[in-house]
Structures are given as structure tokens and as C-alpha cells.
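# Coordinate analysis (summary)
What follows is the residue order along each chain.
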Amino acid sequence: MSVQAYDENNIFGKILKGEIPCHKVYEDEHTLAFMDVMPQAPGHLLVIPKTGSRNLLDADPAVLARLIPVVQKLAVAAKEAFEADGVFIAQFNEPAAGQTVFHLHFHVIPRREGEPLKPHTGKMEDHAVLAEHARKVRDAL
Ligand code: AMP
């Protein structure tokens, strides 16, 4: 089956266009990072390229080459900010693999020994908590 086309009318496309808000953690010319509104653990954030692709399968390798160093930078900062023991990086391609938003994104999830992950796309976190968590990661950058 062929790869489906990117549709910019997705929720992350709308965040990039400034049509809906986010708890921003990091931004540069090519990349945006913000808190996941349904975190699987405290500090769960998402890193997206500003260039649209549906997921990893149709992404331009040049976009990926710019994106991964930012994923790394944010993983290090989130680990420090949340005094985590490790960091889980996740990325889903197509609904069969668990993808629900069709703009390429990497999940960065700080993990602590013995603390189980909450469900994917589970409960919405309070905005005050997300704002505080975004500040903590920004401070660690
Ligand atoms: P997935 O496409 O399955 O890799 O996951 C999409 C992620 O986006 C989920 O973890 C959602 O909790 C998260 N999400 C959905 N809407 C928003 C939003 N408006 N702001 C931040 N995160 C979101």
C-alpha cells in the first residue's frame, strides 16, 4: 500500500499555524517542542518538524537529520528536569501502530525506576501542571 498524503489540517499543523495553543518547550527555525496534553509520565513532551510529513515513512531524510539532534537535546533536558532514571523515545506510524495525529512527532518521556507508564492518549493533564512542566524543561535546556 502506498504512503498517504500529508494533510496540514491536523492538530499539530494547527499548533504550527498558531491556531491552537500549546505549552511550548523549545523552538528553532525547523523544529517545535511542546508538552503532550495527555502525558504518559510527568515531563512527556513532543518534538515536531515545522515541515509537514504524515509520519516517519514519508519524511524527507534532511528533515529527520535536523530533528533528531533536537530530540536528543530535549531528552537530556527532560531527564535532568524530572530527575529521571531513563528516557523513552517513541514514534508511531499509521493507526495500526498507534498513531493518532498525522504530523510526524517524537514522544520524549522521562522514566523513573518502578513508575509504570500511563496509557497512551489517556487522561488530560491540568494546564497549570503542563505549564510548570514546560518551564522545568526549558530551565534545563
Ligand atoms: P500519536 O499520534 O499516537 O503518536 O500520539 C499523539 C499524541 O498527541 C498523544 O500522546 C496525545 O496525547 C497528544 N496530543 C493530542 N492533541 C494534543 C494537543 N493539542 N497538544 C499536545 N499534545 C496533544
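Quick summary incoming for the structure in this document.

What counts and how
- Residues numbered from 1 in each chain as written.
- Predicted model: local features only at pLDDT ≥ 70, side-chain atom pairs only at ≥ 80, totals over all residues.
- Heavy atoms only, no water.
- Helix = DSSP H or I, 4+ residues; strand = E, 2+ residues; numbered from the N terminus.
- Rg over C-alpha atoms; globule rule 2.2 N^0.38 Å.
- Buried < 20%, exposed > 50% of the residue type's maximum accessible area, 1.4 Å probe, protein only.
- Contact = heavy atoms within 4.5 Å.
- Areas by Shrake-Rupley, 256 points an atom, 1.4 Å probe, with all protein chains shown as cover.
- Lys, Arg positive; Asp, Glu negative; His and termini not counted.
- Charge placed at Lys NZ, Arg CZ, Asp CG, Glu CD.
- Expected span 1.5 Å × (residues − 1).
- Polar contact = N/O pair within 3.5 Å; in protein donor to acceptor, adjacent residues only side chain to side chain.
- Salt bridge = Lys/Arg side-chain N within 4 Å of Asp/Glu carboxyl O.
- Near = heavy atom within 4 Å.

A separate point is the overall build of the chain. Per the secondary structure count, the chain includes three helices and five strands. Along the chain, helices (α) and strands (β) appear in the sequence α-β-β-β-α-β-β-α when read from the amino end. In terms of C-alpha radius of gyration, the chain reaches 14 Å, essentially the compact-globule figure of 14 Å for 141 residues. The principal-axis extents of the C-alpha atoms in the chain amount to approximately 40 × 30 × 25 Å. Going through the 141 residues of the chain one by one, you find that 42% of them count as buried. Expressed as a percentage of contacts within the chain between residues at least 6 apart in sequence, the contacts between residues at least 24 apart total 65%. Here the chain has roughly 7600 Å² of accessible surface; of this, 55% comes from carbon and sulfur atoms. Of the side-chain charges in the chain, 15 are positive and 19 negative, and the distance between the mean point of each set is 2 Å.

With that out of the way, let us pick up helix α2 (residues 61-81). Its 21 residues place the ends of α2 30 Å apart at the C-alpha level, agreeing with the 30 Å of an ideal helix rising 1.5 Å per residue. For α2, the full list of buried residues reads Val-63, Leu-67, Val-70, Val-71, Leu-74, Ala-75, Ala-77, Ala-78 and Ala-81. Its side-chain oxygen placed 2.8 Å from the backbone nitrogen of Ala-62, Asp-60 serves as the N-cap of α2. Glu-83 sits one or two positions beyond α2 and adopts a positive phi of about 45°.

What follows concerns the pattern of salt bridges. Within this structure, the stated rule accounts for six salt bridges. Of the charged contacts in the structure, one is a salt bridge between Lys-50 and Glu-27, with a shortest N-O distance of 2.7 Å. You can see Lys-50 sitting in the loop between β3 (45-49) and α2 and its partner Glu-27 sitting in strand β1 (residues 24-27), a full 23 residues away along the chain. You can call Glu-27 partly exposed: its relative accessible area is 40%. Residues joined by salt bridges that share partners form a network here, namely Lys-24, Glu-27 and Lys-50.

A few words now on the site of the ligand. Taken together, 18 residues surround the ligand, and among them Asp-36, Gly-98, Thr-100, His-105 and His-120 come closest. For the ligand, an oxygen atom lies 2.7 Å from a polar atom in the backbone of Gly-98. Interatomic distance of 2.9 Å between a backbone N/O atom of Val-101 and an oxygen atom of the ligand. Contact with the protein chains hides 93% of the accessible area of the ligand, taken as 510 Å² for the molecule alone. Contributing elements (two or more residues each) for the shell around the ligand: α1 (11-16) and β2 (31-35).

Everything listed here is a matter of geometry and, on its own, says nothing about what the molecule does.
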